[in-house]
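# Observations on chain architecture
Below are the chains, spelled out letter by letter.
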Amino acid sequence: MNLITFVENKHELYLCKELGLSEVILSHKDFSRFGKLDTKMFLELAAEAKAIGIEPIFEWDILMVEKDFTKIKALFESLDLTLFNKIRVQDPGALNYIFVNYPDKKIELNLEVGNHNLVAIKTWVSFFKERLSKVILSIELPHATLSHFIENIPCDVEILGLGRILLFYTPRNLLSNLLPEDDDLKKKELFDSRFIEASGESEESPHKGFPIVENKHGTFMFHIKEHYLLDHMEEVNNLGLKDLRVDLRFGKDFNLLKEIKNIVSGHITDTKAFKGNYPSDLIRGFFHVNKTDVLFKKLKNSRIARHDENYIGEIIDVNKGEFLGIYLSEKHKALEVGSKLKFTGPQGKDIEAPIKFLKDLSQNDIENSMGKNLVLINYVSGVWVKSQVYSL
Amino acid sequence: MTNYFIPEVLSPAGSLDKLKVAINYGADAVYLGGQQFGLRAASDNFTYEELEEGVLFAHGKGRKVYVVLNSFLHDKDIEALPPFVEYLDSLSVDAVIVSDLGVIETVHKYSKIPVHLSTQASCLNVEAAKLWKKMGVTRIVTGRELSIEEAGKLKKEAGIEIEMFVHGSMCMAYSGNCVISNYTQGRDSNRGGCAHSCRFQYSIDFKNDLEKKKAYFMSSKDLNGIRVLEEYIKHGIDSIKIEGRMKSHLYAGTMSKIYKEALDYYKEHGNFLSDKILEWEEELGKVTHRAYTEASLIDKAGEDSIFDERETDSSNEFVMVGRVIEKISEEEIVLEVRNAFNKNDELELVPFVGPSVSFKADKILDLGNMELERTKPSTVVKLKLPKEANLHEILRMRASL
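What counts and what doesn't
- Residues numbered from 1 in each chain as written.
- Chains lettered and ligands numbered in written order.
- Predicted model: local features only at pLDDT ≥ 70, side-chain atom pairs only at ≥ 80, totals over all residues.
- Heavy atoms only, no water.
- Pairing = 2+ DSSP bridges.
- Helix = DSSP H or I, 4+ residues; strand = E, 2+ residues; numbered from the N terminus.
- Axes fitted to C-alpha atoms, helices over the stretch in contact; angles between N-to-C directions.
- Parallel < 35°, antiparallel > 145°, perpendicular 65-115°, else oblique.
- Contact = heavy atoms within 4.5 Å.
- Nonpolar A, V, L, I, M, F, W, Y, C, P; charged D, E, K, R; others polar.
- Buried < 20%, exposed > 50% of the residue type's maximum accessible area, 1.4 Å probe, protein only.
- 1 Å grid on protein atoms, 1.4 Å probe; cavity = no way out; pocket = protein on both sides within 12 Å on 5 of 7 lines; lining within 4 Å.
- Points joined across faces, edges and corners; volume = space filled by probe spheres on them.
- Buried area = accessible area lost by both parts, 1.4 Å probe.
- Salt bridge = Lys/Arg side-chain N within 4 Å of Asp/Glu carboxyl O.
- Polar contact = N/O pair within 3.5 Å; in protein donor to acceptor, adjacent residues only side chain to side chain.

What follows concerns the sheet that holds strand E19 (residues 388-391) of chain A. Residue and element names in this part refer to chain A. The seven strands are arranged E16-E15-E19-E13-E14-E18-E17 in an open sheet whose pairing can be described as antiparallel. Either end of the sheet is taken by a strand with one partner, and the two such strands are strand E16 (350-354) and strand E17 (358-359). Here E17 runs beside strand E18 (residues 374-378); their pairing, made up of two bridges, is antiparallel. Considered in E18, the bridge of Lys-359 is made with Leu-376.

Right, dumping it as structure tokens:
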């Protein structure tokens, strides 16, 4: 398993070389969500990487509406693409564009959003076949699932091992409008190159201090802690990954990569010092378990949902000691005096009782409920409004 | 009547009752969710029996039913999908709305149901539309960041049907690209557990000498496309979609009615040059909503699309009083009460077609014919109306009463 990371300058590139990294990700300011490199720096860095034997990977991970895509395509076509063998994309539009128009380029497909089932991932891989050199999988997948997927995908896989967890991405500018009108960053000539950073906290969330960034691509919010798998290297090594990604952007000391390399390669096993010096709190996220669907059952009362072909309708009125009003299902089995019913209350309690009388809304006795939307039957103690009615 | 291309009005159906309301008020199609695989875990959603009844009802009136399967499914979820897909196929639903390629594959494998790509997949450009078409998708529900003009280009250049939101609440994030709830509430927002953290107030610290700012900085105003409806027609958008499966019967009915009425007006006149637009706007303003925006329908959503408030001004809003669930005689109905009202309150009957009719609730009876001074929510009462009403028509009253 290799380490892979983003580099923003030559110092970082040379350090990668020194540490034996074979590939680096380059982020152009117009193509990458957090890219800071202008075209000149981007191409220089790519050329230098090639010169020292490191493969530069072109990151194109912004999402683009059609008008933006048209502009960005023009820029892409103007670049010296001979420096790059691999393009890393997330927007399906960029994916299709590269696939169709650049048959000599390999594609690294970012599947970090969604794509949590093997059917989806295998379909992507089989569609793009040998053009796809790697897929980047979601950190919401627990290691057992990742392991199963990697065994079954005929393609290299990368996941994030250390770095910020992106929670939210919008193209709208959400921070700059909070700055004073005379703030330098709001000046027209600086606005396009802005990189506004802030932190946010809400009284309605137990989490405080979400890092937030606004740049030309929109606004991004991150988790208060960073994703960190370096305490689980045995499990990570057993996954069968090609690459483990480390993201030291957003003002971190790039020299931390040395220590990370030593942890990943097993030369350092006690990570306490590293974690103590790391500038953010760390979590392993869903690496061991993802139970983000278990609370769904509590979001609604399944007992008030109708369940089977014996369904008659719902109690919509209770006149204590007098009658129950049943709102009948269109397909209900006709009711008549003597029929036995089951009432399932919102609390889940079942009550069974026979129909002693059956009346229409004018309180006239009727033979059966055919053609009616609403009928009255005898009161049954313990039956509430919203109880579901079934025939027995 | 002219031959202008008119989009379909696609309304939300959070429950069987809402499906009937939306269709009766004019929706050409409805979208709804089963008990699993959708993005509204807390919504009533449809059981198998309700689905069957809903599809029969809609098809009986010549309308379409699309079923949302738009969660990003994990392996254990997708294992349960084939029987449900086969069941939907047996009901002849008109399409499924999907965001996950694994679900698309499963639907293709187990059925012949057409697949519409959910907005959750954030399809934003022609190239993406072409790719999804290759994957077997027949319609794209575009990302909300797209303009109508851009959506029209997708249709023309990718050769695929386009469905586009015209009204309702909006995600601030690119749909599918927000996992705040996953990490802060332990609820997968892309499997139906969104906790709406974007609606919270946040204190923003720029870490300099600026004071912290308190703001609902991630909350979007609600979309309202009534003023730019002609653009949808001009660019050949196939379906205009109304958001809101979790919203009320009144919302489902009003939105379906107003957008259908507006499109019918265009069909007849070939323009919207009428004071009717003011009436439609006024009606849309009467339903509970955040402040309205056209978001990115024409130009990119700007600062004015942010809803920096907790609540909206509700002084002009109406609330649903109830729904007609039985006709006793021409003018006497049984009303399922949603919001309590008093004897002599001024109510409005909202007919399926035509203007609302005001009347005073001067006599309210319970089902035992006892006269009531005040109703209670979740009860049923008998009421006399000034004109004949239809089953499923809605009564409303001013929220400020």
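After that view of the structure, there is still more to cover.
All names here are of chain B. In the contact formed by helix H1 (residues 16-24) and helix H2 (residues 48-60), the axes pass within 10 Å of each other and the chain directions differ by 10 degrees. Classed by the angle they form, the pair H1 and H2 counts as roughly parallel. Facing H1, whose interface residues are Leu-16, Leu-19, Lys-20, Ile-23 and Asn-24, H2 presents Glu-50, Glu-53, Gly-54, Phe-57 and Ala-58. Tallied by class, the residues present in the contact of H1 with H2 amount to five nonpolar, two polar and three charged.

What follows is about the side chain of Ser-176 of chain A. Residue and element names in this part refer to chain A. Positionally, Ser-176 belongs in the loop between strand E7 (156-170) and helix H7 (188-191). Judged by its relative accessible area of 5%, Ser-176 falls in the buried class. Contact partners of Ser-176, with chain neighbours within four places excluded, come to Lys-186, Phe-191, Ile-196 and Glu-214.

With that settled, the discussion passes to the sheet that holds strand E16 (residues 357-360) of chain B. Residues and elements named next belong to chain B. Taken in spatial order, the seven strands make up an open sheet running E16-E15-E19-E13-E14-E18-E17, and their pairing is antiparallel. Both edges of this open sheet fall to E16 and strand E17 (364-365), since each of them pairs with a single strand only. As paired strands, strand E13 (residues 318-327) and strand E19 (residues 394-398) are joined by five bridges and run antiparallel to one another. Residue Met-320 lies in a different strand from E19, and its bridge partner there is Arg-396. Where helix H10 (residues 249-269) meets the sheet, its contacts fall on E13, strand E15 (346-350) and E19, and the angle it forms with E13 comes to roughly 90 degrees.

A word on empty space enclosed by the protein. Under the criterion given, the structure shown has four cavities of 30 Å³ or more. If you add up the space inside the largest cavity, you get close to 500 Å³. Residue classes in the lining of the largest cavity are distributed as 14 nonpolar, eight polar and 10 charged. The computed volume of the second largest cavity comes to approximately 290 Å³. Gln-90, Pro-92, Val-113 and Asn-115 of chain A together with Ala-121 of chain B are, among the 22 residues lining the second largest cavity, the residues nearest its centre. Those elements that place two or more of their residues in the lining of the second largest cavity are helix H4 (92-101) and strand E5 (106-111) of chain A. When residues of the lining of the second largest cavity are assigned to their parent elements, the largest contribution, three residues, is made by E5 of chain A. Class assignment for the residues of the lining of the second largest cavity results in 11 nonpolar, eight polar and three charged.

What follows is about the interface of chain B and chain A. In this complex, chain B contributes 101 residues to the contact, which on the side of chain A involves 94 residues. Together chain B and chain A conceal approximately 8400 Å² of surface at their shared face, both sides included; 58% is due to carbon and sulfur atoms. Our count for the contact surface shared by chain B and chain A stands at six salt bridges. Linking Lys-67 of chain A and Glu-149 of chain B is a salt bridge whose minimum nitrogen-to-oxygen distance equals 3.7 Å. Linking chain B with chain A are 33 residue pairs in polar contact (both at pLDDT 80 or more). In terms of residue count, helix H6 (residues 126-134) of chain B provides more of the side of chain B that touches chain A than any other element does, seven residues in total. The residue makeup of the side of chain B that touches chain A, split by class, is 42 nonpolar, 26 polar and 33 charged. For strand E8 (residues 196-202) of chain A and strand E8 (residues 202-205) of chain B, the ladder comprises four bridges, and the chain directions are antiparallel. When the bridges of E8 of chain B are listed, Gly-200 of chain A appears paired with Ile-204 of chain B.

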